[in-house]
Amino acid sequence: MKLPISFLVPAALGVVTLFTGGLAMAGTLQQVHPLLNGDGGLALIVSGIALLLTGAFPLAIRMLTARG
């Protein structure tokens, strides 16, 4: 089964956003920008989860159409 591009792009962005959010929550990105503190990291983690879930919809549709 070939993965749809509408899954790959949000999933890749979601992984990057989750990783950046984890770094921000750890406090390592506060030197880059003051908004990348713990609260900003939490917002990035929530956004990363939303991006992963956004990519899950086209994947689920592709799997359902491949089955039937």
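Quick look at the structure, then.

Definitions and cut-offs
- Residues numbered from 1 in each chain as written.
- Predicted model: local features only at pLDDT ≥ 70, side-chain atom pairs only at ≥ 80, totals over all residues.
- Heavy atoms only, no water.
- Helix = DSSP H or I, 4+ residues; strand = E, 2+ residues; numbered from the N terminus.
- Expected span 1.5 Å × (residues − 1).
- Buried < 20%, exposed > 50% of the residue type's maximum accessible area, 1.4 Å probe, protein only.
- Arc of directions from axis to C-beta.
- Contact = heavy atoms within 4.5 Å.
- Polar contact = N/O pair within 3.5 Å; in protein donor to acceptor, adjacent residues only side chain to side chain.

### Notes on helix α1 (residues 5-26)
Each turn of an α-helix holds 3.6 residues, which means side chains three or four residues apart point in the same direction.
Turning to step 1, where the next piece is worked out: Here α1 spans 32 Å end to end across 22 residues, near enough to the 32 Å set by a 1.5 Å rise per residue.
Turning to step 2, where the next piece is worked out: Regarding α1, the residues found buried are Phe7, Pro10, Ala11, Gly14, Thr17, Gly21 and Ala24. For α1, the angular spread of the buried residues around the axis is 145 degrees, confining them to a single face. In α1, the exposed positions that point more than 90 degrees away from the buried face belong to Ile5, Val15, Val16, Phe19 and Ala26.
Turning to step 3, where the next piece is worked out: Each element contacted by the buried residues of α1 is listed here: α2 (38-67).
Turning to step 4, where the next piece is worked out: A positive backbone phi angle near 90 degrees is found at glycine 27, which sits one or two residues after α1.

### With respect to α2
Turning to step 1, where the next piece is worked out: Relative to the 44 Å expected for 30 residues at 1.5 Å per residue, α2 spans 43 Å between its end C-alpha atoms, a close match to the ideal helical length.
Turning to step 2, where the next piece is worked out: Three or more residues of α2 are buried, namely Gly40, Gly41, Gly48, Gly55 and Leu59.
Turning to step 3, where the next piece is worked out: Those residues of α2 hidden inside the fold are in contact with α1.
Turning to step 4, where the next piece is worked out: Measuring from the backbone nitrogen of aspartate 39 back to the side-chain oxygen at the start of α2 gives 3.3 Å, which picks out asparagine 37 as the cap.

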